[in-house]
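# Reading the structure
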Amino acid sequence: MDQSVAIQETLADGDYCRQAVQGVLCEGDSRQSRLLGLVRCRPERGGQEHALFLYTHRRMAITGDDVSLDQIVPVSRDFTLEEGATVGSDVTVQLDTAELSLLFQLPFGSHTRTFLQEVARACPGFVPAIPDPEFLWLSRYRCTELEPEPPTPQSWNSAPGTWPGRARIGGGRYRSWKARKGLEETSPQGRAPFCLGAGLQSRPAFDWRGWQAGAGSFGGAELGAERLGQRDEELEEAGREMSAAAGSRERDSAGGSSSDELRPNGKGLPVDQSSWGQNKPENSLSRQNKSKSEISNMVRSSTITVSDKAHILSMQKFGLRDTIVKSHLIQKEEDYTYIQNFRFFVGTYNVNGQSPKECLRPWLSHDTQAPDVYCVGFQELDLSKEAFFFHDTPKEEEWFKAVSEGLHPDAKYAKVKLIRLVGIMLLLYVKQEHAAYISEVEAETVGTGIMGRMGNKGGVAIRFRFHNTSICVVNSHLAAHTEEYERRNQDYKDICSRMQFCQVDPSLPPLTISKHDVILWLGDLNYRIEDPDVEKVKKLIEEKAFQTLYAYDQLRAQVAAKAVFEGFSEGELTFQPTYKYDTGSDDWDTSEKCRAPAWCDRVLWKGKNITQLSYQSHMALKTSDHKPVSSVFDIGVRVINEELYRKTLEEIVRSLDKMENANIPSVSLSKREFCFQNVKYMHLQVESFTIRNGQVPCQFEFISKPNEESYCKQWLRASPSRGFLLPDSSVEIELELFVNKTTATKLNSGEDKIEDILVLHLDRGKDYFLSVSGNYMPSCFGSPIHTLCYMKEPILDLPLETIRELTLMRLQTEDNGSQLEKPMDIPKELWILVDYLYRNAIQQEDLFQQPGLRSEFDHIRDCLDTGTIDNLSASNHSVAEALLLFLESLPEPVICFSAYRNCLECSGNLTASKQVITTLPACHRNVFTYLMAFLQELLKNSAKNHLDDNILASIFGSLLLRNPAGHQKLEMAEKKKAQEFVHQFLTHPEPLSLLSYSA
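Residues numbered from 1 in each chain as written. Predicted model: local features only at pLDDT ≥ 70, side-chain atom pairs only at ≥ 80, totals over all residues. Heavy atoms only, no water.

## Side note on the overall build of the protein
The secondary structure content of the protein amounts to 26 helices and 29 strands. Within the protein, the proportion of its 999 residues that are buried is 58%. Pairs at least 24 residues apart make up 72% of the contacts formed inside the protein by residues separated by at least 6 positions. As displayed, the protein offers around 40100 Å² of accessible surface, 47% of which is attributable to carbon and sulfur atoms. (Helix = DSSP H or I, 4+ residues; strand = E, 2+ residues; numbered from the N terminus. Buried < 20%, exposed > 50% of the residue type's maximum accessible area, 1.4 Å probe, protein only. Contact = heavy atoms within 4.5 Å. Areas by Shrake-Rupley, 256 points an atom, 1.4 Å probe, with all protein chains shown as cover.)

## Section: the packing of helix α22 (residues 910-918) against helix α26 (residues 972-987)
Contact geometry for α22 and α26: axes closest at 10 Å, N-to-C directions at 100°. It follows from the interaxial angle that α22 and α26 lie roughly perpendicular. Contacts from Leu910, Ser913, Lys914 and Ile917 in α22 reach Phe981, Gln984 and Phe985 in α26. (Axes fitted to C-alpha atoms, helices over the stretch in contact; angles between N-to-C directions. Parallel < 35°, antiparallel > 145°, perpendicular 65-115°, else oblique.)

## What about helix α17 (residues 800-808)?
Taken as a whole, α17 has its buried residues at Ile803, Leu806 and Thr807. Looking straight down α17, one finds that the buried residues subtend no more than 100° of arc, so they occupy a single side. Each element contacted by the buried residues of α17 is listed here: α15 (744-749) and α16 (785-790). (Arc of directions from axis to C-beta.)

## Section: helix α11 (residues 534-542)
Turning to α11, its buried residues number three or more, namely Val534, Val537, Lys538, Leu540 and Ile541. One face of α11 carries all of its buried residues, which in axial projection span an arc of 160°. Opposite its buried face, α11 presents the exposed residues Glu535 and Glu542, each directed more than 90 degrees away. Tucked inside the fold, the buried residues of α11 contact α12 (546-550). Capping of α11 at its N-terminal end is provided by Asp533; its side-chain oxygen lies 3.1 Å from the backbone amide nitrogen of Glu535. Positive backbone phi, at 55°, marks Lys544, one or two positions downstream of α11. (Polar contact = N/O pair within 3.5 Å; in protein donor to acceptor, adjacent residues only side chain to side chain.)

## As for the sheet that holds strand β19 (residues 610-617)
With mixed pairing, 6 strands are arranged side by side in an open sheet as β10-β11-β9-β8-β20-β19. Bordering the open sheet on either side are β10 (413-421) and β19, each of which pairs with just one other strand. With direction set aside, neighbouring strand axes in the sheet form an average angle of 20°. (Pairing = 2+ DSSP bridges.)

## Looking at the sheet that holds strand β28 (residues 755-762)
With mixed pairing, the 5 strands of this open sheet are ordered in space as β22-β29-β28-β24-β26. At either end of the open sheet lies a strand with only one pairing partner, and these are β22 (673-679) and β26 (722-725). Ignoring strand direction, the axes of neighbouring strands in this sheet form an average angle of 20°. In the sheet, strand β24 (residues 698-703) pairs with β26 via 4 bridges, with the strands oriented antiparallel. When the sheet's bridge partners are listed, Gln699 is paired in β26 with Phe724.

## Quick word on a nonpolar patch on the surface
Together, Leu684, Val686 and Phe738 give the surface a local cluster of nonpolar side chains, amounting to about 240 Å² of exposed area. Relative to the helices and strands, Val686 is located in strand β23 (residues 685-693). (Patch = residues over 30% accessible without salt bridge, like charges linked within 9 Å, V, L, I, M, F, W, Y side chains within 5 Å. Salt bridge = Lys/Arg side-chain N within 4 Å of Asp/Glu carboxyl O.)

## Details of the pattern of salt bridges
Summed over all chains, the structure comprises 36 salt bridges. In this structure, the salt-bridge partner of Asp15 is Arg140, at a minimum N-O distance of 2.5 Å. Taken together, the positions of Asp15 in the loop between α1 (3-8) and β1 (16-27) and Arg140 in the loop between α2 (110-122) and α3 (177-185) put the pair 125 residues apart, joining distant regions of the chain. In this structure, Arg487 and Asp491 form a salt bridge, with 2.7 Å as the shortest nitrogen-oxygen distance.

## Digging into the packing of aromatic side chains
Given two aromatic rings, one states the distance between the centres and the angle between the planes to describe the pair. With the rule as written, the count across this model stands at 32 aromatic pairs. Note on Tyr492 and Trp521: the rings are 5.1 Å apart at their centroids and 45° apart in plane angle, and the pair reads as tilted. Linking Tyr492 in helix α10 (residues 485-498) with Trp521 in strand β17 (residues 518-524), this pair joins segments that are 29 residues apart in sequence. Residue classification places Tyr492 among the buried positions, given a relative accessible area of 9%. Ring centres 5.4 Å apart and planes at 55° place the aromatic pair Phe981 and Phe985 in the tilted group. (Phe/Tyr/Trp six-rings, centres within 6.5 Å; stacked < 30°, edge-to-face > 60°.)

## A closer look at the nonpolar core
In this structure, Phe848, Leu887 and Phe981 are the most contacted members of the largest nonpolar core, which totals 108 residues. The element best represented in this core is helix α23 (residues 922-940), accounting for 10 residues. Lining this core are residues from two domains, each supplying at least three of them: domain 3 (667-776) and domain 4 (841-865 + 874-987). Setting aside chain neighbours within four positions, we find Phe981 in contact with Ile895, Cys903, Cys906, Ser907, Ser913, Ile917, Phe928 and Leu961. Membership of the second largest hydrophobic core comes to 49 residues, among which are Ala443, Ile471, Leu520 and Val537. (Core = buried A, V, L, I, M, F, W, Y, C linked by side-chain atoms within 4.5 Å. Domains from an automatic or database assignment.)

## Structural notes on unusual backbone geometry
Of the consecutive residues Tyr579 and Lys580, the connecting peptide bond is found in the cis state with omega at 5°. Here the bond from Ser719 into Pro720 is cis, since omega is -5°, no more than 30 degrees from zero. Following the sequence through the fold, Pro720 ends up in the loop between β25 (716-719) and β26. Although it is not a glycine, Phe135 adopts a positive phi angle of roughly 60°. In this model, Lys562 sits at a positive phi of 60°, which is unusual for a non-glycine residue. Within the secondary structure, Lys562 sits in the loop between α13 (554-560) and β18 (601-607). You can call Lys562 exposed: its relative accessible area is 58%.

## Quick look at the environment of Phe781
Inspection of the secondary structure assignment puts Phe781 in the loop between β29 (767-776) and α16. Phe781 sits in the buried class, given a relative accessible area of 0%. Along the backbone, Phe781 and Leu864 are 83 residues apart, and their C-alpha atoms lie at a distance of 9.3 Å. In this view, Phe781 contacts Tyr681, Ala744, Asn748, Phe857, Arg861, Leu864, Ala882, Leu885, Phe886 and Ser889; residues no more than four positions away in its chain are not counted.

## A closer look at the packing of α23 against α26
For the pair α23 and α26, interaxial distance at closest approach is 9 Å and the crossing angle is 65°. In this structure, α23 meets α26 at a crossing whose hand is right-handed. Residues Phe928, Met932, Leu935, Gln936 and Leu939 of α23 form the contact with α26, whose participating residues are Phe981, Val982, Phe985 and Leu986. Taken together, the residues that form the contact of α23 with α26 break down as 8 nonpolar, 1 polar and no charged. (Left-handed = near helix turned anticlockwise from the far one by under 90°. Nonpolar A, V, L, I, M, F, W, Y, C, P; charged D, E, K, R; others polar.)

## Let's talk about the confidence of the model for the protein
Reading fine detail from the predicted coordinates is not recommended where pLDDT is low. Per-residue pLDDT for the protein averages 79, and the proportion of residues at 70 or more is 76%. Per-element confidence in the protein ranges from a low mean pLDDT of 33 for α3 to a high of 98 for β17. The low-confidence segment residues 144-318, where pLDDT is below 50, has 425 contacts with residues more than four positions distant or belonging to other chains. Taken as a whole, residues 993-999 scores under 50 in pLDDT and shows 20 contacts with residues more than four places along the chain or in a different chain. (pLDDT = per-residue confidence, 0-100.)

## Side note on the pairing of strand β4 (residues 67-74)
For β4, the buried fraction is high: 8 of the 8 residues fall into the buried class. Of the pairings in the sheet, the one linking strand β3 (residues 49-57) to β4 comprises 7 bridges and is antiparallel in character. Pairing of Leu52 across the sheet is with Val73, part of β4.

## Describing the environment of Arg343
Checked against the element boundaries, Arg343 lands in strand β8 (residues 337-350). In this structure Arg343 comes out as buried when scored by relative accessible area, which is 13%. With 267 residues separating them in the primary sequence, Arg343 and Ile610 have C-alpha atoms 10.0 Å apart. When neighbours within four sequence positions are excluded, Arg343 is seen to be in contact with Asp367, Gln369, Pro371, Asp372, Val373, Leu613, Val632, Phe633 and Asp634. Here the side chain of Arg343 touches Gln369 through a polar contact of 3.0 Å, side chain to side chain.

## Some thoughts on the environment of Tyr336
Here Tyr336 is to be found in helix α6 (residues 333-336). Judged by its relative accessible area of 1%, Tyr336 is buried. A distance of 2.9 Å separates a polar atom in the side chain of Tyr336 from the backbone oxygen of Leu329.

## Looking at the side chain of Thr348
Along the chain, Thr348 turns up in strand β8. Here Thr348 falls in the buried class, since its relative accessible area comes to 0%. Within the structure, the side chain of Thr348 is placed 3.0 Å from the side chain of Gln379, a separation counted as a polar contact. Apart from residues lying up to four places away in sequence, Thr348 is in contact with Trp363, Gly377, Gln379, Leu522, Gly523, Asp524, Asp601, Arg602, Val603, Pro628 and Val629.

## Observations regarding the pairing of strand β6 (residues 90-96)
Both faces of the sheet carry side chains from a regular strand, because those side chains alternate between them. Burial of β6 is extensive: 5 of the 7 residues sit out of reach of the surface. In sequence, β6 turns back onto strand β7 (residues 101-107) through a hairpin of 4 residues.

This is the structure we're talking about:
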């Protein structure tokens, strides 16, 4: 059901559709639906090249039958794809090359955001070391009419109209890629031209749309003008409405094929076309229309149906009457729904960076009954540095194919969604016949690695609605090592608090994991067995005394202490620990570390009407040092009775008609004044109050004050910020105050204060005013480098006026012979952090890669701000992370914004790079040199700490070099140049002592 699967079936062996999104192509007043696919090829000469394939399509693109290739746009050096304004529920995107300009509207949501990020990563940029893309592989998609002199790759973006001949691909899916190759073998020698819109002066991209009936065939598939017109009518109809028939697929007379044909070259997922052509009785009633369908990676990921209890809120207009109807529908849900059980397979496998070497059916298809839904998670998909820093890996495609081939043979499945964060990947499949009842699909990721930016640890999640039940599936890989259970607890809490899903209506607040009817949590949770005696553990396993061993399980202890997974359930552990084995065997770890066995790989659940049928490991698979785990559930899903639903809806509407519009809502607030005392950098404070409603349903919302963009200042947030209250009901509102790198500097300088007025507005009612006040404790975090160099005393020992003056002091003041005392060479706070690491962590394994503890960061910050460095006691990882957070919080980075472009231009030229450093203000130059000396010391101990120059350059490159304000996130090409700039200083060290600076 992931539309990239449909595109994949039209591609040659070796070409891979990385991401697909459905949108609308805008040409003047014309609006035509298109499926956009980012296709990757790995040429023989090395590297990789990308192109955007644009398809016309049926309203549901499941297989190659449903798509017809329209254009190909190579992602060349002059290719740009820019995101514009959000219009209604759509995002406007402008595609430009040297001669081509296209405008698209894509659905608002995480899927479009992921698609745009993938395209940005695919752009080759302007790195001279990377050869120009040649796009020779696109000749596989050539037209059938050949010109005597095919153009060269360099002319692909040449003047419009230079490509004679055009043909279209599609109208019936190819029986196999070999059939297409057979056609190529009949062509004259030489490379055939691509079909670049001949005769269409305004369309210089690859264009097959103008091909007339009888102009030729491709792979045995032909399409006459009559059918082409019919396809256009279908697309226009799909854009206007979603009816019950939207769940069915019209059969194509030229596209019929057997199930064998649905697997070209053994690839792809089989699709039962017949099941889509039936109008089932329960699906015969008209569905709720939606003006702009938000279709992401799912056939109908966000299409609203009458069975959706939140369907009214998904409309673009957020009206009070609609909200009341929606609230009453939720309250009366049991009146028009019934529970039906569906079988869910939930599996997790840490593959230790290996490629698939075995058939996965012993794991995925061990049960005789085919599951209705598959939730399959992987961890450590790829352990390479490229995957770690640049998030690209061929392993994704390898394991996706292995899973697709291992699904239960007695059913046909469609892929709903794939989401990956470095090595953490989650796949969701459903049986073909259930596809029409899946909606509102969203996927998100949360990295819990160091500074929350590294995705080697963290979680990925997919949420969706199945019939009338909301389901969230989470796959997580938590912190490693036996003693780090508190860090695992923190990772879990971070995933829960930071994982947020966009709603269909973008004006609504995002959904969290807990806001779902059913939660399935799987993954390598990494909780270990506490007993230090490894031999005792192995003996209990040999005796199958699993319950005795379970008493020492860390996860059991943490759940019992309500530290994690509160409200979740887990089945009885009747299988031996799944970690750690010698790869390729069932033998326990015999390496030097000799890791103790542990139940690292787990499946937990939360929700009603859930019955676990099995919970087991699968010893037959030996690819990894972990064993895969599976759990099979029967989950009761709420299914709509359409007739009862309509009756309930009519009753609600009739009752609302009786209400007098003159009724004015009124609420009472439990508190209107809020004081936040001693607010500190990156320390969350929360105050709450209750809104209690009177006798009239009301809609509330915090609104912006005149001439202000937001309803509150950046350091404050109300949760929820809007909502609806039925008569005599109440809601608790939390005011969250959190100061970060964005807001700290102005609070330090006194330009901003912890003061704000919130306006709570009632629709058709009055406004209520809430007062927020407090005091901020100035911190070295968020202070400029030159300011800290002039602060010889701890920042909290200085008068507020002195802090204000030094923070507002212009950078050049330090070098202009002012009357201020001579500053220190580097900030004392930086020296304290580096000196601590130099003395204690020079040989620490995984330094700057393993996150620290939040409680320890609070302690480190307080020691730096108060000068009580003798009390500094924290883990090496926490101090290392504090150093990175310190550098990230600098309002002006170590390499000043003014030097940013010069640094990128001379990356790779050490002499020119040194010259740029000499132009920096003295304090910034000293800090850069000091940090380079420290990193070089770390590299001298790489045999112990396992660091190398590439890892350090990647971590520090984006901290020392930042885009000017407003553009702080580096594009991939810039990120690599920043890495290269720092890398050259690490690999060409100059003699320098860490003690040569005064602090």
